[in-house]
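Here is what each chain is made of, one letter per residue.
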Amino acid sequence: MSRICELTGKGRQVGNNVSHANNKTKRTFLPNLQNVTLMSESLERSVRLRVSTAGLRSVEHNGGLDNWLVKTSEDKLSLRARRLKRDIVKKISVAA
């Protein structure tokens, strides 16, 4: 399982540990990923995703998973999230 947020696309970053003597060694900075269950109002079911905490705050700020997916471009989303977005958009367009 890759260490990439399924909603925001946030992944690992590479940097240096810098000692007091200014020695530099490579290291990685991993995103704070959490396995969460989010509720989709339009699909009326819950969805399990691996999301960064920053992505989870963004979802809550935008008013839920459905609003977040509709507003977000597909190039950031994982394959599962793109399929979920397609289902939500289809359900919303049929209801309207």
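What comes next concerns the included structure. Note that the structure is a prediction, hence the values are computed from the model and not measured.

A separate point is a nonpolar patch on the surface. A cluster of nonpolar residues, Val-70, Val-89 and Ile-92, forms a patch on the protein surface that exposes about 220 Å² of accessible area. What makes Val-89 partly exposed here is its relative accessible area of 38%.

Bringing the pairing of strand S3 (residues 33–40) into the picture now. Bridging between S3 and strand S4 (residues 45–52) involves eight bridges; their strand directions are antiparallel. Bridge assignment links Thr-37 to a residue of S4, and that residue is Arg-48.

Charged atoms that come close allow side chains of opposite charge to pair. Enumeration according to the criterion identifies one salt bridge in this entry. Across the salt bridge formed by Arg-80 and Glu-6, the nearest N and O atoms sit 3.4 Å from each other. Separated by 74 residues along the polypeptide, Arg-80 in helix H3 (residues 79–95) and Glu-6 in the segment before strand S1 (13–18) bring together distant segments of the chain. You can call Arg-80 partly exposed: its relative accessible area is 45%. We classify Glu-6 as buried; its relative accessible area is 11%.

Taking 1.5 Å of rise per residue, 17 residues should cover 24 Å, and H3 covers 25 Å from first to last C-alpha, within 8% of that figure. Listed in full, the buried residues belonging to H3 are Ala-81, Leu-84, Lys-85 and Ile-88. Burial along H3 is one-sided: seen end-on, the buried residues are contained in an arc of 100°. On its buried face, H3 sits against S3, S4 and helix H2 (65–71).

This paragraph deals with the nonpolar core. Of all hydrophobic cores here, the largest spans 17 residues; its most connected members are Leu-7, Leu-38, Leu-49, Val-51, Leu-65, Leu-69 and Leu-84. For this core, the elements supplying multiple residues, two or more each, are S3, S4, H2 and H3. Ignoring sequence-local partners within four residues, the contact set of Leu-65 consists of Leu-7, Leu-38, Met-39, Val-47, Leu-49, Val-59 and Leu-84.

Of note, the phi angle at Asn-22 is positive, near 65°, even though the residue is not glycine. For Asn-22, the location among the structural elements is in the loop between S1 and strand S2 (24–29). For Glu-44, which is not glycine, the phi torsion reads 55° and is therefore positive. With respect to the helices and strands, the residue Glu-44 is situated in the loop between S3 and S4. The exposure class of Glu-44 is exposed, given its relative accessible area of 66%.

Conventions we followed
Residues numbered from 1 in each chain as written. Predicted model: local features only at pLDDT ≥ 70, side-chain atom pairs only at ≥ 80, totals over all residues. Heavy atoms only, no water. Patch = residues over 30% accessible without salt bridge, like charges linked within 9 Å, V, L, I, M, F, W, Y side chains within 5 Å. Areas by Shrake-Rupley, 256 points an atom, 1.4 Å probe, with all protein chains shown as cover. Salt bridge = Lys/Arg side-chain N within 4 Å of Asp/Glu carboxyl O. Buried < 20%, exposed > 50% of the residue type's maximum accessible area, 1.4 Å probe, protein only. Pairing = 2+ DSSP bridges. Helix = DSSP H or I, 4+ residues; strand = E, 2+ residues; numbered from the N terminus. Expected span 1.5 Å × (residues − 1). Arc of directions from axis to C-beta. Contact = heavy atoms within 4.5 Å. Core = buried A, V, L, I, M, F, W, Y, C linked by side-chain atoms within 4.5 Å.

By themselves these figures say nothing about function.
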